[in-house]
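For reference, the chains in residue letters:
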Amino acid sequence: MGGRTRSISFVCQLGCFGFAGLLAGCSGGGGEDGSATGSATATSGVTTATAGSSGASDSVGSASATGTGTSAGDTSTATSGATSVTGGGTSDSGGIKFDVAAETDLGTCFPGDPDCDEFCKPEFSEFVDPVIKCSWEQHAVIMTPVVADLENDGSIEILVTVWNSGSEQGKLVVLDGQDCSELYRSPTQVFGTRSQLAVADLDGDMDLEIVGLQMGGFGGYGTHQVVVTDHLGNVIATSQAASVTGGWGHADGGVAIANLDGQGPPEIVYAGMALRFENNTLTTMWNNSVGTGWWGILSGVADVDLDGTPDVVTGNRIFDGLTGADKTPANVVGMVAGYVAVADFDEGTPEPEIVLVGSQSNQDGTVTVYHPVTGNVILGPVTFGQRWGGPPTVGDFDGDEKPEIAAAGYSGYYVFDPECDPNNLPAYCESAWVRWSSPTTDASSGSTGSTLFDFNGDGRAEVVYRDEQKLRIYDGDTGDVLSQFDITSGTILENPVVADVDQDDHAEIVVPAHNTVNGIFVLEDPQDKWVAARAIWNQHTYHVTNV
């Protein structure tokens with residue numbers, strides 16, 4: 001493990017966010033100078049992807065939400081390697097913001113910024129089938145991989161937890177991003193076997209901590225207690241249990257890390273609970289009871305009412321990030337609990353909207369877009385005729401610089417487009433509110449996430465999604481399958497991620513696997529022509545302005 005020191009910066013745009021999905025657009029460019037982003041690298045998923053975002057509601061959802069409109073502004077330093085976290089203020093940047101950074105004489109900038117555009121122009125290449133760069137196949141993985149410079153030494157690692165492997169289940173495993181070789185694993189069983197992980201410098205000491213849900217409960221799946229470890233997986237602190245209702249009773253979700261008070265290191269959010277890590281202890285700031293999606297909960301953090309301070313969004317509940325005060329509009333409380341993203345769908349209001357995928361047992365999944373202050377429903381509830389419904393990926397799927405929403409269920413992957421109004425249905429729409437759909441197989445959870453990314457720099461996003469049987473890469477505009485691999489899973493809430501794991505200034509896809517094949521698979525372009533991506537994916541709800 002070597003290389004020049006690079007510090008990781010966490011930047012939380014409070015005006016918007018998304019999960020697991022991403023749109024990237026810049027190739028080339030290094031970043032090994034200790035500056036905020038790392039080598040010219042990507043995002044989701046959204047996810048997402050965790051990732052592309054447009055204008056204000058920069059988002060990505062899973063994971064990745066995009067939108068147009070207001071985006072947060074001022075930043076103050078805080079977390080992870082060298083972390084800066086936004087603390088209020090709004091500005092109107094406009095246009096699609098891609099999750100790729102370029103290092104210039106002006107510092108780190110993103111496409112869409114006037115000073116960045118001349119430095120950040122991807123070269124176009126034809127999309128061809130990727131190849132498997134490397135794999136680690138010792139144990140099953142059924143959570144979203146985390147990518148980070150864990151030891152702050154300039155090398156990139158992939159972090160996973162082991163699923164259902166006897167005495168090894170629940171252990172943290174750290175892999176080398178260069179060749180997928182195992183660097184080390186935690187000495188004890190630490191995390192729930194299906195817990196999502198997150199990494200950040202929680203105490204400002206320039207070392208990264210790892211955060212997940214504590215191992216326990218049926219099958220070791222996890223409890224609703226948050227656990228913090230050092231980079232080796234040694235437990236430092238454990239929280240009280242979050243107050244949750246509904247769902248199937250096990251903790252398959254994960255935490256979000258964000259700066260709730262605008263100063264110092266960031267805080268940890270899980271479900272309706274906010275935690276502060278100080279002096280190797282987790283202190284509860286507030287803990288409100290919330291409903292979960294059937295398979296778990298993935299809270300988001302964004303300043304959804306534009307009052308200058310972040311809010312915690314759990315789907316059908318909105319809380320003040322500092323105090324936990326309930327800010328939920330009355331009509332939203334009764335909506336079906338599930339998974340969220342945030343993006344600007346309504347240009348007539350300054351606030352971004354909230355995307356809620358209602359996801360419960362034996363119910364068809366629904367998609368609803370609502371205003372966080374008034375509760376007015378902008379879209380939906382639209383059913384996609386299948387259980388259960390997973391984390392939404394929000395991004396510009398069709399290149400019109402407007403956000404669309406994707407979600408997967410039991411038997412299909414759907415892209416929902418507000419332009420597909422049944423009262424004036426365009427010819428390019430498959431059906432009412434649906435841009436396109438593709439048959440998939442996910443009878444086990446029906447709740448997996450996806451990621452968006454413009455791999456070949458042609459200005460059109462590709463979708464990366466893996467169900468029970470295959471990893472597929474779709475054309476974001478048409479839904480055509482561009483490539484597919486026999487990478488399997490029993491599925492929960494996980495999704496593939498996109499990052500530059502080998503620091504070659506080109507994106508790779510990191511895919512978790514379970515069942516017929518197990519472990520982690522890293523895919524790349526056979527000629528290394530994919531555009532650059534960021535070398536970070538720090539949590540399930542990762543998005544372009546989070547890090």
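Residues numbered from 1 in each chain as written. Predicted model: local features only at pLDDT ≥ 70, side-chain atom pairs only at ≥ 80, totals over all residues. Heavy atoms only, no water.

Taken as a whole and judged by the stated rule, the model has 2 disulfides. At a sulfur-sulfur separation of 2.0 Å, the disulfide partner of Cys-134 is Cys-180. The S-S bond linking Cys-134 to Cys-180 shows a torsion near 60 degrees; that makes this disulfide right-handed. Here Cys-134, found in strand β9 (residues 131-136), pairs with Cys-180, found in the loop between β12 (172-176) and β13 (182-185); they are 46 residues apart in sequence, far enough to count as distant. (Disulfide = S-S within 2.5 Å. Helix = DSSP H or I, 4+ residues; strand = E, 2+ residues; numbered from the N terminus.)

Turning our attention to the sheet that holds strand β32 (residues 404-408). A sheet is described by the order of its strands in space; here 4 strands give the open sequence β31-β32-β33-β34, paired in antiparallel fashion. Strands at the two margins of the open sheet, each flanked by one partner only, are β31 (393-395) and β34 (434-439). The mean inter-strand angle of the sheet, taken between neighbouring strand axes irrespective of direction, is 15 degrees. Strand direction decides the pairing type here: β32 and strand β33 (residues 412-416), joined by 4 bridges, are antiparallel. Looking across to β33, one finds that Ala-408 is bridged to Tyr-413. (Pairing = 2+ DSSP bridges. Axes fitted to C-alpha atoms, helices over the stretch in contact; angles between N-to-C directions.)

Turning to the pattern of salt bridges, a few remarks are in order. This structure, assessed with the given rule, holds 21 salt bridges. In this structure, Asp-502 engages Lys-133 in a salt bridge whose closest nitrogen and oxygen atoms are separated by 3.1 Å. Of the two residues, Asp-502 sits in the loop between β39 (497-499) and β40 (508-513) while Lys-133 sits in strand β9, which places them 369 residues apart along the sequence. With relative accessibility at 8%, the residue Asp-502 sits in the buried group. (Salt bridge = Lys/Arg side-chain N within 4 Å of Asp/Glu carboxyl O. Buried < 20%, exposed > 50% of the residue type's maximum accessible area, 1.4 Å probe, protein only.)

Now for the sheet that holds strand β22 (residues 281-287). What the 4 strands build is an open sheet, ordered β19-β20-β21-β22; its pairing is antiparallel. Bordering the open sheet on either side are β19 (256-258) and β22, each of which pairs with just one other strand. Direction aside, the axes of adjacent strands within the sheet are offset by 30 degrees on average. Note: strand β21 (residues 273-278) against β22, 6 bridges, orientation antiparallel. Across the sheet, residue Ala-274 finds its bridge partner in β22, namely Trp-286.

A few words on the side chain of Gln-196. Note on placement: Gln-196 falls in the loop between β13 and β14 (198-200). Judged by relative accessible area, Gln-196 falls into the buried class, the value being 1%. From its side chain, Gln-196 meets the backbone nitrogen of Thr-144 in a polar contact 2.9 Å long. With residues near it in sequence (within four places) discarded, Gln-196 still touches Met-143, Thr-144, Val-211, Gly-212, Leu-213, Asp-252, Gly-253, Gly-254, Leu-298, Leu-493 and His-540. (Polar contact = N/O pair within 3.5 Å; in protein donor to acceptor, adjacent residues only side chain to side chain. Contact = heavy atoms within 4.5 Å.)

What follows is about the confidence of the model for the protein chain. Predicted confidence across the protein chain gives a mean pLDDT of 80, with 77% of residues reaching 70 or more. Throughout residues 1-98 the model reports pLDDT below 50, and contacts reaching past four residues in sequence, or to other chains, amount to 549 contacts. The model gives residues 101-112 a pLDDT under 50, and that stretch makes 45 contacts with residues more than four places away or in other chains. (pLDDT = per-residue confidence, 0-100.)

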